[in-house]
Amino acid sequence: MTPPVVGWTDHPAAVALAARHRLRAWEPIPWVLALAFYFAFPKYLGFGTELLITILFALSLDLVLGYAGIVTLGQAAFFGAGAYTVGILAKRGIWNEPITGLILAAAVAAAVGLGSGLVLLRTGGLTLLMLTLCTMALLEEAANLAHDYTGGFDGLDSLAIAPVFGVFEFNPLYPKTQYLYVLAVLLVCFAFVRTLVYSPFGQSLRGIRENTLRMHAVGAPVRRRLVLSYTLSAAIAGVAGGIWAQANAYVNLGTLGLDRAATVLIILVLGGHGRLYGAFVGAIAYMVLSHFLSKIYPTAWQLGLGLLLVVIALFASNGILGIAEAAARRLRPPRAAS
Amino acid sequence: MIFGVDVASMVLGGVAAGMVLFIVSVGLSVTMGLMGFVNLAHGGFAMLGGYAIALAMKQWGLGFGPALLFGFVVTAAGSAVLERLLYSRLYRAPELDQVLFTIGLVFMMIASVTVLVGPENQPLMLPPFLRGQINLGITQYRTYSVALIAVGILIVSGLWLVFERTRTGAQIRAAVDNRRMAESLGINIGRLFTLTFAFGSGMAALGGGLGAEFLGLDPQYALKYLVYFLIVVAVGGLGRVTGVFYAALLIGVLDFALKKYVPQGGTAFIYALTILLLLWRPQGLFGTKTT
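What counts and how
Residues numbered from 1 in each chain as written. Chains lettered and ligands numbered in written order. Predicted model: local features only at pLDDT ≥ 70, side-chain atom pairs only at ≥ 80, totals over all residues. pLDDT = per-residue confidence, 0-100. Helix = DSSP H or I, 4+ residues; strand = E, 2+ residues; numbered from the N terminus. Contact = placed C-beta atoms within 7 Å. Nonpolar A, V, L, I, M, F, W, Y, C, P; charged D, E, K, R; others polar. Axes fitted to C-alpha atoms, helices over the stretch in contact; angles between N-to-C directions. Parallel < 35°, antiparallel > 145°, perpendicular 65-115°, else oblique. Expected span 1.5 Å × (residues − 1). Buried ≥ 20, exposed ≤ 12 C-beta atoms within 10 Å, placed from the backbone. Arc of directions from axis to C-beta.

1. Comments concerning the confidence of the model for chain A
Averaged over every residue, the pLDDT of chain A is 86; residues scoring 70 or more account for 96%. Per-element confidence in chain A ranges from a low mean pLDDT of 75 for helix α1 (residues 12-19) of chain A to a high of 93 for helix α11 (residues 222-248) of chain A.

2. Notes on the interface of chain B and chain A
Across the contact, 35 residues belong to chain B and 32 residues belong to chain A. For the side of chain B that touches chain A, the secondary-structure elements that each account for two or more residues are α4 (95-116), α10 (226-236) and α12 (266-280) of chain B. Ranked by residues supplied to the side of chain B that touches chain A, first place goes to α4(B) with 16 residues. Of the residues belonging to the side of chain B that touches chain A, the class tally is 25 nonpolar, seven polar and three charged.

3. A short note on the packing of helix α3 (residues 45-67) of chain A against helix α12 (residues 258-271) of chain A
All names here are of chain A. Contact geometry of α3 with α12 gives a least axis separation of 9 Å together with a crossing angle of 75°. The orientation of α3 relative to α12 falls into the category roughly perpendicular. Facing α3, whose interface residues are T54, F57, A58, L61, D62, L65 and G66, α12 presents V264, L265, I267 and L268. Across the contact of α3 with α12, the residue classes tally to eight nonpolar, two polar and one charged.

4. What to know about α12(B)
Compared with the 21 Å implied by 1.5 Å per residue over 15 residues, the 21 Å span of α12(B) between its first and last C-alpha is a close match. Those residues of α12(B) lying buried are B:T267, B:A268, B:I270, B:Y271, B:T274, B:I275 and B:L278. Taken around the axis of α12(B), the buried residues stretch over an arc of 160°, which confines them to a single face. Of the exposed residues in α12(B), the ones pointing more than 90 degrees away from its buried face are B:L276 and B:W280. On its buried side, α12(B) packs onto α6 (125-145) of chain A together with α10 and α11 (241-261) of chain B.

Right, here's the structure in full:
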């Protein structure tokens, strides 16, 4: 009797590895829900648009923070770069076509990301944290100073953005177009990030996050990978900023501020970083809570948020999705193939 | 001659501001150097201490000196409790968790102070002998700034003595340079750290009270000046008392001068300078390379 031939594809770990990138049955659900939201809550489309943009921004941070393990406090620098690109081009009447505008925003933000990443990512730890913070503060100051172009402290308002495909107009009071437009852009960007993190490139980013020294030892071009992921993340953050400027028809210094950078960090960690869908869960949890609480009880909201952060940092550093995963593992008996 | 007086008053103002920066930041530098802990809540301790001082003076009619002492003791004691209960759990945690934890702590401090005291700026009444001007020979200058400089010099000399000449100071220096080795030699790092942490927070409280006169004192203080404190620490080098001192003076004078001559864009210059400096010397201007 000959033993059965065991190829590599029969090993459970190999099967799991090969199947990891496959689309799971539940993955279309968020998108269906987002579409359902459009029809179910026409009054809340403004809020929905803001929420989708936040998800996109958090997703960009997930790429660097969750996958490449770069702790940055300056992600808003790229959001702002994208927003001001759209804003300045539209205000000066140079370019106001939305989709190409987003591509330009992504390009500018990516250039900022590449430029700063090339120098910043030579450092690590506290120095890197400080440098990302300083770069963002520097951009904010620069935007404040160049008020001939950026409107300074007041920002640029009533931006005239051309209709999408020349047909669907942006209406600030009934943000139907904005909502669907942002949803479509989010879907495209999400597909891109999803493909990226499951690609060999994404795997090497995880390797760098888990053990930089070993990745150096196996000959991976660590610096180049980090800079590339930083640049791509900056481009996506730029898209988020650009689309924010288009949807709201204004840009201000707040797009570049520490507040925005800290908020997106909180959102991502709340949802669970390094998980793709953490951006969705975190943004929904945060935005819904803040929408209903922060206006009525601003101080209680800040106190609760602080408490939440402390608890997450101490007991649940994988966020809501991490808690859900742990719970699922306990409930479900271990399967051989997973 | 006018120019000379101008420069002298600028240097005096800048040095006074630098002293406050130093007093607040020195604790941050030592705790970061000692444990590698990214403590973004340090500005919060300065804010809480400033409030304790301002309220002690307003409510209980305490003098400026006793109030400063009170603020120091209260903040140091409170931070020691926090350190034992919460901070110590995160020493080996990833940086991200430390950042989140301390940001959360700052939010809670800001919210509590807003609820308990109110969101408005707390005026701090200086005693009469610190108000007005003093004649320094070449120029008249604000008494309080001169007093600040004197206090700052006293504190830095005291700290230098403690750091360089006492057993505890030697233990701290040893632990900053090589924690494992220090631990192997039987130095109780945990206790040492609680001690330094409490002392550093107490100093931050002093700085919060001393600087309230020109930095203001409201709940947002905790975040508003955090970037400045971090810059001072990063430029001065982690765990270096003298480094932080020179860095604080440098930033204080630069900031003062830039605000005066380039009111627009002075801050941008400091940020740019910090970036360049950290790229050139990631360990700071006065730090030595540690592993």
